[in-house]
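The primary structure of each chain is shown beneath.
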Amino acid sequence: MSTDLFRIPPELASPLEDIDRAHPVAFRFDGKRLRGRAGDTLASALLANGVHLVGRGIKYHRPRGIVAAGAEEPNALVQVGQGTRGEPNLKATQVALFDNLSAAPVNVWPSLKFDALAANELLSPLMVAGFYYKTFKEGPASWWDRVYEPLIRRAAGWGKAPPGPDPDTYEHTHAHCDVLVIGAGPAGLSAAKAAAESGARVMVLEDDARPGGHLLARPRRVDGRPGHQWAAETAAALAAHPEVRLLTRTTALGVYATAHVTAVERLTDHLGPGAPGPRQRLWHIRAGRIVLASGAHERPLVFADNDRPGIMLAGAVGTYVHRYGVLPGRRAVILTNNDSAYETALALLDGGGSVVAVLDTRREPSGPLVEAVRARGVPIRAGYGITGTTGRGRVKRVWISPLAEDLSPRIAETTLDCDLVAVSGGFSPVVHLWSQGQGKLAWDDRQACFVPDPARPAVEPISVAGAANGCFELAEILAQGANAGAEAARAAGFTAKATTPPGVEAPPATPPAPIWLVPSDKPPGEGVGKHFVDLQNDTTAADIALAAREGMTSVELMKRYTLAGFGTDQGKTGNINALAILAHELGKPIPEVGTTTFRPPYTPLTFGAMAGRQVGALFAPERVTPMHDRHRARGAVFEDVGPWKRARYYPEGGEDMDAAVARECRAARQAVAVLDASTLGKIEVEGPDAAAFLDRVYTNTLSTLGVGRIRYGLMLNDDGRLMDDGTVTRLGEDRYLLTTTTGGAATVMDWLEELHQTEWPELDLHLTSVTDRWAVAQVAGPKARDLLAELAPDMDLSAQALPFMRFVEGTVAGLPARVFRISFTGELSFEVAVPWSVGGALWDALFKAGGKHGLTPFGTEAMHVLRAEKGFIIVGQETDGSVTPLDLGLDWALGKKKGDYIGRRSLARADLARDDRKHLVGLLTEDPGEVLEEGAQLVDDPDQAPPMTMVGHVTSSYMSPTLERSIALALVARGRQRMGQTVHAPLADGRVVKATIVDPVFYDKEGKRRDG
Amino acid sequence: MAQRATNLFSLARQALSHHRNWPRLWAAAEPRRHYQAIIIGAGGHGLATAYYLVREHGLSDVAVIERGWVGGGNTGRNTTIVRSNYLWDESAHLYEHSLKLWEGLTRELDYNVMFSQRGVLNLAHTVHDVREAKRRVNANRLNGIDAEFLDRDGVKAVCPGLDVSPTRRFPILGATWQKRGGVARHDAVAWGFARAASRLGVDVIENCPVEGFLIDNGVCKGVRTGKGEITADKVGIVVAGQSSVLAGMAGFRLPVTSHPLQAMVSEPIKPVVPCVVMSGQVHAYVSQSDKGELVLGAGIDRRNGYGQRGSFPVLEQEAAALLELFPAFSRLRLMRSWGGTVDTCPDASPIIGRTPIDNLFINCGWGTGGFKSTPGSGWVFAHTLATGQPHPLNAPFSLDRFTSGALIDEHGAAGVAH
Ligand SMILES: Cc1cc2nc3c(=O)[nH]c(=O)nc-3n(C[C@H](O)[C@H](O)[C@H](O)COP(=O)(O)OP(=O)(O)OC[C@H]3O[C@@H](n4cnc5c(N)ncnc54)[C@H](O)[C@@H]3O)c2cc1C
């Protein structure tokens, strides 16, 4: 095990250091066993071990290293963990180190050190932006699918998906607050403090494990104390405040309409696999006001071969030195266009490193930081740039040259040997969430960055403070934060006092002198060096220039053409350079080119966290009836119908479905059988206008229905198509009970509510879903009455007392019950409804008494067969959104004398009155043993070549145990006029089945059986 | 502008001069005063219309007017599923015509639109789904469209990553399979058509919003734009989510509502989803891009709106649906989400044809599923503009079907309408 050779000796450690040197942490990278310290990130631990080469570029497979220290990292993507806990594409800069962590590079083959696809670099003159649109067309057209695309697909993508289901759990939680502060750097902390002092309910979200922001990595003094200490104390005070919730390791991801902010809290990721509790928690926060204090990201400078491992952001280098006690290099070259990188130089020197030179693209750098570095004997070369680099696997040498006034290409003047290049191109405020909240950006010429435009505020209630607002002076950052916090509290209705911001000691933050492309000896794309703009997508300055040349003049088009900003870092560091280079190519000012849209999420979010608990059985909770256990006990096979589990059939003694169904059907036709019909939708409509309402939504007249009577009703949509069917029972003068199909219950309920609330609010009624108020047993068969009479001795269930389509209340099996004479099987049938909670008791009582009558449970499949024998339709099976009641031969259900109802007008439209529409008919196959495939299409001429003229299709098809032959229902054009004619069903297996069109009622046409 | 075909050799030749001599993909154009035909909207459909107007109907003087940038509407925002296995004859014929054009499109346009015929699965999870799936497969077959019903094992063989175990909340009982379906690179489709149209002399005019119509006695004479008035013999509206707005400008109404529709991609990973997988029951659809991202589409946001911005719960639902099909994807991560504005019709079928204003035509209502028809839609709409009459393929998709009642209801049939 190698030791962390690049760890700064304790005596030179920064006071900001935040690792526990006493706790070594063993980990593996790329198969090697290494050691870091508690508090390290994977990136800092790798750097401490001198590991810079951590990956390869996507196109040319050039060696790549760690660039940043946070979410903006473009390069260092790793696969962490193994098996079902394996996770691709994590940024090493964001992975907290834990014992036995195992990480591996992604997309390298055969190995990180030797990658075969590095040969791509030889082809790089061809692999320019959009090259694949121009080629891979050679050869036959099929080569794309067979040859080219498989090659591209294999080369693309970073890490690998885990092989099986995730063992971890995720959860969602909702919160409301008056003021939501995003970011707990100095701006965010002082905003939160000001808001909290007003008594407002405050939430603070911090991505890092610790509050403090840049105070954790830069030596500053605030309020007479070291800045990181001030941050810790302020955060502790906030956390102790009863109205404040401060969440660390929590990243705000998106801002949506109505100040809805999503954030993810990483609960156990830093503890390693197997930690108890949910792994991540997704927060849905509804905020009164949002204070965005998300800081700024440093941006790199673009120069030739700026992608080698060891070329890092200067700020990140400072962070590794101060916070993690790591020296990312011993001989550093610094390239900058602003003062901040000089702090990095000082940090490196203090940590025992050396600084070969500071190359400053400015002609006359000055100021205290510059002088401090000069005083330490570091050569400062003003007006210089890097024109090239070398080093396999790690930068070894840079070529440098003074910059021409017009930034034209320059031959290198000399070289500098180094093992680290720290680069700073200035800072870009992190405005993602502002933009998502529909705030606009303005170009700040002085700071050379896009900042939130106060003149064009966000639609969502967001204010911005600190570096996110383009403010880089610590004193001002604290003041802005305090103001924004107080303002937000006031806007949320609290009284916030003005506070005096604490005194600070910090170096002045001078603006950068923008330079977007450091010239080398040749224009980009023409020399050997590559000027990388987006490291993750291997987009170069030459690619952007080519895009501009080819007319991709909109920044969105350039992005799509070159892929700049399309990576997992979403261009946090590179985008600004890309658009500035585009602006330069187009000869336009940067603000005129503008930015691309900042799309959520701010950082990638696991699908697991998005789904939360809504996985597995909870994806869509199963609904079961109170008789469910009884069905299971009988070995029922279930089917999904809408959200419900319904018993499809009850096999006995090794029966297959057909045998079970045949037996169940015979029981219903010859003795008595019972179906659990509890899942049918049930809606009570109550109120003085209930009757009028129902007359409008059903095709039938329901106002004339007598109390205690039942009618079969049809509901149409606006287009005159059948939407749902069911029975309507008049329970009382002002009270109806509707049934709906099992799958349609929620839709119908919504539809009725919508009609009532938006179309006819003047009607006095209310709607109540009572589906799971009543459990229902449908008892059908010639002996149904005998069985029920035994269970309901006090009720007169005779045909005279309770004729067909009547309803009565009473007691069945000692349970309060409603009994309906309805028949969907064609047999004598009673639907017995009892309170949901005693459904099981009813079922048991039926079977206790039913044994001697041969009571048999029947499932949905037998129910389908029985109703098909009677020619009864099932909505969704005989109908498909195109079918009208006329098509189904249900004209009798259309009230002729009543007033208007939904769909009536549509039924009169030309197309719905056509006489060649499809009609519901029965089909009998030539061979009575042949059961047509449901969904089979019907033609008149089976010999026609495709496209064939289809005249209809089979909607239902079964072997009828009653008729002892197959039967089918179908929709056939002009079917009712074609009785006795033949149609053909050409099947997938090549057979053509012949069938004769017949009446859809196959059994007991006179309806004699329903009265028993 | 004489241009030679692009291929590996032209790339190599250009490389010698460091790619300095590539011409613009489409010429920068400023509006002329008059055109034979103006197409509003430089999405795929509008650009294809312009292309076929010249290529198939010999018009010489055509402009496409775009308020933003080429392909910036739904064309550049969709999940790019291409298939033709629609239930009803009218749709099947239209989409199949389009699919046939797709099959030759890269060559036709001399631009690689990366049309990838990796196959489309539509999963069936219930007895009802199976019945409907078989119905569609049978109808497709008899219409001459490739279609197969796969059982559970067949599904597993095509897409091994799917969890087909019977214990899932919505077990997979089978699927329809259209091998010729797949995905394409959406931007390339817009760029390819823009480039090809421009090479035929079409003016592609960006950053030029249409703000009104020049209408005289019920006859459309041209448009008012941010760059002035432009007259034309014929005008075609092809603006997807903005259709009702443009119709409003011309003084007529459409039975179209605009909704946000979101899509999202995961971080790029190595290939795991070899085909397109769609499920109406759990409401998910997913494919994997050539860059390695899982491309996922959500359902529409129920509310109406023209903002290209949806709400997060819709995406959560989509993620849950994804994990129901692929439980192993839980640790993969959403990288980016975005929204478009889709123009939905009551019967989930498009409107392609005449409007109440003479010489003004409209092509809209593709809703959540019009990318697949890009070439076909342009082809029939070009015919309609050029001849003043719909082609038999689009005749059933007239605006008057909402008066006659001859709807083409693909809701039930399509499940997820993409
Ligand atoms: C998230 C999402 C996923 C989708 N997934 C699929 C899928 O998988 N498969 C599929 O087949 N379809 C899919 N679709 C649908 C598909 O994207 C569209 O149906 C299709 O792209 C529409 O193309 P278009 O050219 O008509 O419209 P668009 O590409 O939207 O083009 C319309 C153009 O009109 C312009 N315009 C608008 N108003 C004006 C004006 N006043 N003046 C000038 N120009 C104007 C717009 O800027 C725009 O560029 C999806 C859509 C979305 C949003």
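Residues numbered from 1 in each chain as written. Chains lettered and ligands numbered in written order. Predicted model: local features only at pLDDT ≥ 70, side-chain atom pairs only at ≥ 80, totals over all residues. Heavy atoms only, no water.

## Section: the overall build of chain B
A count of helical and extended segments in chain B gives 12 helices and 18 strands. In terms of overall size, chain B behaves like a compact globule, its C-alpha atoms giving a radius of gyration of 21 Å where 418 residues would be expected to give roughly 22 Å. Over its C-alpha atoms, taken along the principal directions, chain B stretches across nearly 65 × 60 × 40 Å. Counting only residues that meet the buried cut, chain B has 69% of its 418 residues in that class. Across chain B, the fraction of contacts at a sequence separation of at least 24, relative to all contacts at a separation of at least 6, is 75%. In the structure as shown, chain B presents an accessible area of about 12,700 Å², 52% of it carried by carbon and sulfur atoms. (Helix = DSSP H or I, 4+ residues; strand = E, 2+ residues; numbered from the N terminus. Rg over C-alpha atoms; globule rule 2.2 N^0.38 Å. Buried < 20%, exposed > 50% of the residue type's maximum accessible area, 1.4 Å probe, protein only. Contact = heavy atoms within 4.5 Å. Areas by Shrake-Rupley, 256 points an atom, 1.4 Å probe, with all protein chains shown as cover.)

## Remarks on the domain arrangement of chain B
Residues and elements named next belong to chain B. With domains assigned, chain B is organised as domain 1 (22-80 + 186-255 + 347-414) and domain 2 (111-182 + 257-344). The C-alpha-based centres of domain 1 and domain 2 are spaced at 28 Å. In this assembly, 24 residues from domain 1 lie in contact with 23 residues from domain 2. Linking domain 1 with domain 2 are 8 residue pairs in polar contact (both at pLDDT 80 or more). Secondary-structure elements contributing two or more residues to the side of domain 1 that touches domain 2 are helix H7 (186-199) and helix H8 (243-250). Tallying contributions element by element places H7 first for the side of domain 1 that touches domain 2, with 5 residues. Residues belonging to the side of domain 1 that touches domain 2 are distributed by class as follows: 10 nonpolar, 12 polar and 2 charged. (Domains from an automatic or database assignment. Polar contact = N/O pair within 3.5 Å; in protein donor to acceptor, adjacent residues only side chain to side chain. Nonpolar A, V, L, I, M, F, W, Y, C, P; charged D, E, K, R; others polar.)

## Focus on the pattern of salt bridges
Between side chains of opposite charge, pairing is possible as soon as their charged atoms come close. On inspection of all chains with the given rule, the structure shows 99 salt bridges over all chains. Close ionic contact of A:Asp4 with A:Arg7 constitutes a salt bridge, the shortest N to O distance being 3.1 Å. Taken as a pair, A:Asp4 and A:Arg7 share a single burial class, namely buried. Where B:Arg180 meets B:Glu103, a salt bridge forms, and the shortest distance between an N and an O atom there is 3.0 Å. A residue pair is termed long-range when its members are at least 10 positions apart, and B:Arg180 in the loop between strand S6 (174-178) and strand S7 (182-183) and B:Glu103 in helix H3 (residues 89-103) qualify at 77 residues. Note on B:Glu103: relative accessible area 33%, which makes it partly exposed. What you see here is one network of salt bridges that share partners, running through A:Arg62, A:Arg64, A:Glu121, A:Asp305, A:Asp307, A:Arg308, A:Lys530 and A:Asp538. (Salt bridge = Lys/Arg side-chain N within 4 Å of Asp/Glu carboxyl O.)

## Things to note about the UniProt feature "domain: Rhodanese" (unreviewed entry) in chain B
Sequence positions flagged by UniProt for "domain: Rhodanese" (unreviewed entry) are, in local numbering, residues 38-81 of chain B. In this annotation, residues 38-81 of chain B is assigned 27% helix and 18% strand; the end-to-end C-alpha distance for the span is 28 Å. (UniProt positions renumbered as here; feature names shortened; annotations may be inferred.)

## Quick word on the environment of A:Gln670
One can find A:Gln670 in helix H17 (residues 657-670). Considered as a pair, A:Gln670 and A:Ile873 are 203 residues apart in the sequence and their alpha carbons are 23 Å apart.

## Focus on the site of the ligand
All names here are of chain B. With respect to spatial proximity, 37 residues lie near the ligand, and among them Glu66, Asn74, Thr75, Thr79 and Lys372 are the closest. In the environment of the ligand, an oxygen atom lies 3.0 Å from a nitrogen or oxygen atom belonging to the backbone of His45. Here Thr80 contributes a backbone N or O atom positioned 3.3 Å from an oxygen atom of the ligand. Considering the ligand on its own, with 990 Å² of exposed area, one finds that the protein chains cover 97% of that surface. Where the shell around the ligand is concerned, the elements lending two or more residues are helix H2 (44-55), strand S12 (257-266) and strand S16 (333-344). Among the elements that make up the shell around the ligand, the one with the highest residue count is S12 (3 residues). Its residues placed into classes, the shell around the ligand shows 15 nonpolar, 18 polar and 4 charged. Lining the shell around the ligand are residues from two domains, each supplying at least three of them: domain 1 (22-80 + 186-255 + 347-414) and domain 2 (111-182 + 257-344). (Near = heavy atom within 4 Å.)

## Looking at the packing of aromatic side chains
Residue and element names in this part refer to chain A. All chains considered together, the criterion is met by 30 aromatic pairs over all chains. Ring centres of Trp443 and Trp516 lie 6.4 Å apart, and the angle between their planes is 55°; this geometry places the pair in the tilted category. On the criterion of sequence distance, the pair formed by Trp443 in strand S26 (residues 441-444) and Trp516 in the loop between strand S29 (504-505) and strand S30 (532-534) is long-range, its members being 73 residues apart. Classification of Trp443 as buried rests on a relative accessible area of 18%. Taking 5.4 Å as the distance between ring centres and 50° as the angle between the ring planes, the aromatic pair formed by Trp843 and Phe847 counts as tilted. Of the two residues, Trp843 and Phe847 are both situated in helix H21 (residues 839-850); the distance of 4 residues between them amounts to about one turn of the helix. Comparing Trp843 with Phe847 shows no difference in burial state: the two are buried. (Phe/Tyr/Trp six-rings, centres within 6.5 Å; stacked < 30°, edge-to-face > 60°.)

## What about the interface of chain A and chain B?
Counting residues at the interface gives 125 residues for chain A and 104 residues for chain B. With both chains or domains summed, chain A and chain B bury close to 9,700 Å², and 56% of this area falls on carbon and sulfur atoms. When the buried surface of chain A facing chain B is broken down by residue, A:Tyr133, A:Arg153 and A:Phe607 rank first, second and third, together holding 9% of it. One salt bridge in this structure joins B:Arg118 and A:Glu149, with 2.8 Å as the shortest N-O distance. Taken together, the connections running from chain A to chain B amount to 65 residue pairs in polar contact (both at pLDDT 80 or more). At 7 residues, helix H3 (residues 143-155) of chain A tops the list of elements feeding residues into the side of chain A that touches chain B. The class makeup of the residues in the side of chain A that touches chain B is 56 nonpolar, 36 polar and 33 charged. (Buried area = accessible area lost by both parts, 1.4 Å probe.)

## Considerations on the UniProt feature "domain: SoxA A3" (unreviewed entry) in chain A
Under the UniProt annotation, the feature "domain: SoxA A3" (unreviewed entry) is placed at residues 529-613 of chain A. Secondary structure content for residues 529-613 of chain A is 45% helix and 8% strand, while the C-alpha to C-alpha distance between its ends is 50 Å.

## A look at the domain arrangement of chain A
If you check the domain split of chain A, you get domain 1 (1-163), domain 2 (170-296 + 429-505), domain 3 (300-425), domain 4 (629-678 + 774-866), domain 5 (681-772) and domain 6 (914-1012). Relative to domain 6 of chain A, the C-alpha centre of domain 2 of chain A lies at a distance of 68 Å.

## Description of the sheet that holds strand S17 (residues 311-313) of chain A
Backbone-to-backbone hydrogen bonds join strands into a sheet, with any given pair of strands oriented parallel or antiparallel. Residue and element names in this part refer to chain A. The 5 strands lie next to each other as S17-S24-S18-S19-S20, forming an open sheet whose pairing is parallel. A single partner strand is all that each edge strand has here, and the edge strands are S17 and strand S20 (380-382). The sheet shows a mean angle of 20° between the axes of neighbouring strands, direction not considered. In this sheet, S20 lies alongside strand S19 (residues 354-360) in parallel orientation, the contact comprising 3 bridges. Bridge pairing in S20 places Asp360 opposite Ala382. The strands touched by helix H6 (residues 314-322) are S17 and strand S24 (420-424); relative to S17, the strand with the most contacts, the crossing angle is about 85°. Strands strand S18 (331-336), S19, S20 and S24 of the sheet are contacted by helix H7 (residues 340-350), whose axis makes an angle of about 170° with S18. (Pairing = 2+ DSSP bridges. Axes fitted to C-alpha atoms, helices over the stretch in contact; angles between N-to-C directions.)

## Thoughts on the sheet that holds strand S2 (residues 32-38) of chain A
All names here are of chain A. On the basis of which strands lie adjacent, the open sheet formed by 5 strands has the order S2-S1-S7-S5-S6 and mixed pairing. With partners counted over all chains shown, the strands left at the sheet margins are S2 and strand S6 (87-91), one partner each. The sheet shows a mean angle of 40° between the axes of neighbouring strands, taken without regard to direction. For strand S1 (residues 20-29) and S2, the ladder comprises 7 bridges, and the chain directions are antiparallel. Residue Phe27 lies in a different strand from S2, and its bridge partner there is Leu34.

## Considering the packing of helix H20 (residues 784-791) of chain A against H21(A)
Residue and element names in this part refer to chain A. It is the contact of H20 with H21, at a shortest axis distance of 10 Å, that shows an interaxial angle of 115°. By the angle between their axes, H20 is roughly perpendicular relative to H21. The element H20 and its partner H21 pack so that their crossing is right-handed. On H21, the residues that touch Leu787, Leu788, Glu790 and Leu791 of H20 are Ala845, Leu846, Ala849 and Gly850. Each residue belonging to the contact of H20 with H21 can be placed in one class, and the counts come to 6 nonpolar, 1 polar and 1 charged. (Parallel < 35°, antiparallel > 145°, perpendicular 65-115°, else oblique. Left-handed = near helix turned anticlockwise from the far one by under 90°.)

## Quick notes on the packing of helix H4 (residues 186-197) of chain A against helix H5 (residues 227-240) of chain A
All names here are of chain A. Packing of H4 against H5 leaves a shortest axis separation of 10 Å and a crossing angle of 35°. The handedness of the crossing between H4 and H5 is left-handed. Facing H4, whose interface residues are Pro186, Leu189, Ser190, Ala192, Lys193 and Ala196, H5 presents Trp230, Ala231, Thr234, Ala235 and Leu238. Looking at the contact of H4 with H5, its residues break down into 8 nonpolar, 2 polar and 1 charged.

## Description of the nonpolar core
Counting residues in each nonpolar core, the largest one holds 185 residues, and the members touching the most others are A:Phe29, A:Leu42, A:Leu180, B:Trp102 and B:Trp191. Ranked by the residues each element gives to this core, the list is headed by H7(B), at 8 residues. Residues B:Leu123, B:Ile269, B:Val273 and B:Ala321 belong to the second largest nonpolar core, which totals 48 residues. (Core = buried A, V, L, I, M, F, W, Y, C linked by side-chain atoms within 4.5 Å.)

## So, the confidence of the model for chain B
Residue and element names in this part refer to chain B. Chain-level statistics for chain B give a pLDDT mean of 95 and a share of 97% at 70 or above. In this model, residues 414-418 is a region of pLDDT below 50 whose contacts with residues beyond four sequence positions or in other chains number 21 contacts. As a predicted assembly, this complex carries a pTM of 0.96 together with an ipTM value of 0.97. (pLDDT = per-residue confidence, 0-100.)

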